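Structural characterization, general
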Amino acid sequence: LWMGRKSPWTWLGVVLAAVALRASLSTHPELIHLPSQAYLTLMGRIDQFMLGMLAWVHRGVFSRKGATPVVAALSLAYLAFMAYLDRDGSLQEAYFGPPEMWVIIPTIDAQTFAAWVGWYDARRGEAAPMAPGRLVALAGRTSYSMYLLHTFWVFLAARWLDRHVWPMNGPEVAILMATGV
């Protein structure tokens, strides 16, 4: 937050620097395995942190009329993009695809997650209509650092849903479940 107090452009500068670093490293596969570094390290995830803070600071943008359909469309586009990558096998451990695509994948993740943060925070005062919504709100209020533990919860939740609710044996099923269709 300190960096953004002077200018929020600083946060975008950090994102651009991370993209430039990944782009430079993508030309040297002998030095680094870019897909794993972009997925598992701060070099790939700094985008999420910076754009998430930017979205929080400018969360008022997400309370404007028409913001919800834009965030929903962005979410569906993101899910379609990830389904495309998954269908191609690029998110499997054995095959990460061309390193060049990992230059931008973390930024695509980050802009989607930042939109979710901004949209959610713009509605913080609204009453959650159902108990699960209140539970999610409680978890969000507890700490923004919860994202550090998300991996554990995501895999546990996916395994439980797969075993007890509906087998998630393809991206189409996961998208249907994620969108509530």
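**Some points on the pattern of salt bridges**
Going through the model one piece at a time under the given rule, you end up with two salt bridges. A salt bridge links Arg22 to Asp47, with the shortest nitrogen-to-oxygen separation between them at 3.0 Å. Of this pair, Arg22 sits in helix H2 (residues 9-26) while Asp47 sits in helix H4 (residues 42-57), and the two are 25 residues apart along the sequence. Asp109 is the salt-bridge partner of Arg45, the closest N and O atoms lying 2.9 Å from each other. One end of the pair, Arg45, is in helix H4; the other, Asp109, is in helix H6 (residues 105-122), with 64 residues separating them in the sequence. On the basis of relative accessibility, which here comes to 18%, the residue Arg45 falls in the buried class.

**Some words on the environment of Arg22**
Overall, the relative accessible area of 0% leaves Arg22 in the buried class. Taking the C-alpha atoms as reference, Arg22 lies 9.1 Å from Gln37; in sequence the two are 15 residues apart. What Arg22 contacts, discounting residues up to four positions off in sequence, is Leu34, Ala38, Met43, Gly44, Asp47, Trp102, Val103, Pro106 and Thr107. Only 3.0 Å separates the side chain of Arg22 from the side chain of Asp47, close enough to count as a polar contact.

Here is what the cut-offs are and how they apply
- Residues numbered from 1 in each chain as written.
- Predicted model: local features only at pLDDT ≥ 70, side-chain atom pairs only at ≥ 80, totals over all residues.
- Heavy atoms only, no water.
- Salt bridge = Lys/Arg side-chain N within 4 Å of Asp/Glu carboxyl O.
- Helix = DSSP H or I, 4+ residues; strand = E, 2+ residues; numbered from the N terminus.
- Buried < 20%, exposed > 50% of the residue type's maximum accessible area, 1.4 Å probe, protein only.
- Contact = heavy atoms within 4.5 Å.
- Polar contact = N/O pair within 3.5 Å; in protein donor to acceptor, adjacent residues only side chain to side chain.

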